[in-house]
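The primary structure of each chain is shown beneath.
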Amino acid sequence: MRDNLDLAASAQELADAAPTGSIDHAAASSVAITLATTRDITDARKTLDGVSPEEVREAALALFEQLSTAD
C-alpha cells in the first residue's frame, strides 16, 4: 500500500490536470492537501468528511476511495 504522501502526489497530478474551478479540481486539491497533512489513511478519511460543499465532499471521497484502494 502506498503512503499518504504518495497518494497526495497522485491527487495533485489529477488536480493539475482538471479545469480550474471545476468540481474535479476542487475535489482532487482537497484530497491532495488532506493526504499531505494527515498521519495516515484513516485520519485522512475522517478529515475529508468535513469538506464542503457537499458535491465537492462527495467527489473528494470517491477520489480518495479510488486512490487508496488502487495498487
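Please read these numbers as outputs of a predicted model, since none were measured by experiment. (Residues numbered from 1 in each chain as written. Predicted model: local features only at pLDDT ≥ 70, side-chain atom pairs only at ≥ 80, totals over all residues. Heavy atoms only, no water.)

K.L.:
Is there a simple way to think about the packing of helix 1 (residues 4–17) against helix 2 (residues 23–37) in this case?
P.N.:
Axis angle and axis distance: for two packed helices, these are the angle between their axes and the distance between the axes, and together they describe the pair. Contact geometry of helix 1 with helix 2 gives a least axis separation of 8 Å together with a crossing angle of 160°. Judged by the inter-axis angle, helix 1 sits roughly antiparallel to helix 2. Crossing angle aside, the handedness with which helix 1 passes helix 2 is left-handed. Between helix 1, through Asn4, Leu5, Leu7, Ala8, Ala11, Gln12, Leu14 and Ala15, and helix 2, the contact on the second element is made entirely by His25, Ala28, Ser29, Val31, Ala32, Leu35 and Ala36. Its residues assigned to classes, the contact of helix 1 with helix 2 comprises eleven nonpolar, four polar and no charged. (Axes fitted to C-alpha atoms, helices over the stretch in contact; angles between N-to-C directions. Helix = DSSP H or I, 4+ residues; strand = E, 2+ residues; numbered from the N terminus. Parallel < 35°, antiparallel > 145°, perpendicular 65-115°, else oblique. Left-handed = near helix turned anticlockwise from the far one by under 90°. Contact = heavy atoms within 4.5 Å. Nonpolar A, V, L, I, M, F, W, Y, C, P; charged D, E, K, R; others polar.)

K.L.:
Looking at this model, I keep getting lost on the pattern of salt bridges. Mind explaining?
P.N.:
When the charged atoms of two side chains with opposite charge come close together, those side chains can pair. Per the counting criterion, the structure on display carries two salt bridges. Here Asp49 and Arg45 are joined by a salt bridge, their closest N and O atoms 2.5 Å apart. Look at Asp49 and you get partly exposed, because its relative accessible area is 43%. One connected set of salt bridges, linked through shared partners, spans Arg45, Asp49 and Glu65. (Salt bridge = Lys/Arg side-chain N within 4 Å of Asp/Glu carboxyl O. Buried < 20%, exposed > 50% of the residue type's maximum accessible area, 1.4 Å probe, protein only.)

K.L.:
Would you mind going over unusual backbone geometry with me for this structure?
P.N.:
Most peptide bonds take the trans configuration, and most residues that are not glycine carry a negative phi. Geometrically, the link from Ser52 to Pro53 is a cis peptide bond, its omega value of 5° lying close to zero. Relative to the assigned elements, Pro53 resides in the loop between helix 3 (41–48) and helix 4 (54–69).

K.L.:
Explain helix 1 here, please?
P.N.:
The first and last C-alpha atoms of helix 1 sit 20 Å apart over 14 residues, in line with the 20 Å expected at 1.5 Å per residue. Residues Asn4, Leu7, Ala8, Ser10, Ala11 and Ala15 constitute the buried set of helix 1. The arc that holds the buried residues of helix 1, viewed along the axis, is 160°, so those residues lie on one side. Set apart from the buried face of helix 1 by more than 90 degrees, the exposed residues are Leu5, Glu13, Asp16 and Ala17. On its buried face, helix 1 sits against helix 2, helix 3 and helix 4. (Expected span 1.5 Å × (residues − 1). Arc of directions from axis to C-beta.)

This is a description of form; function is not addressed.
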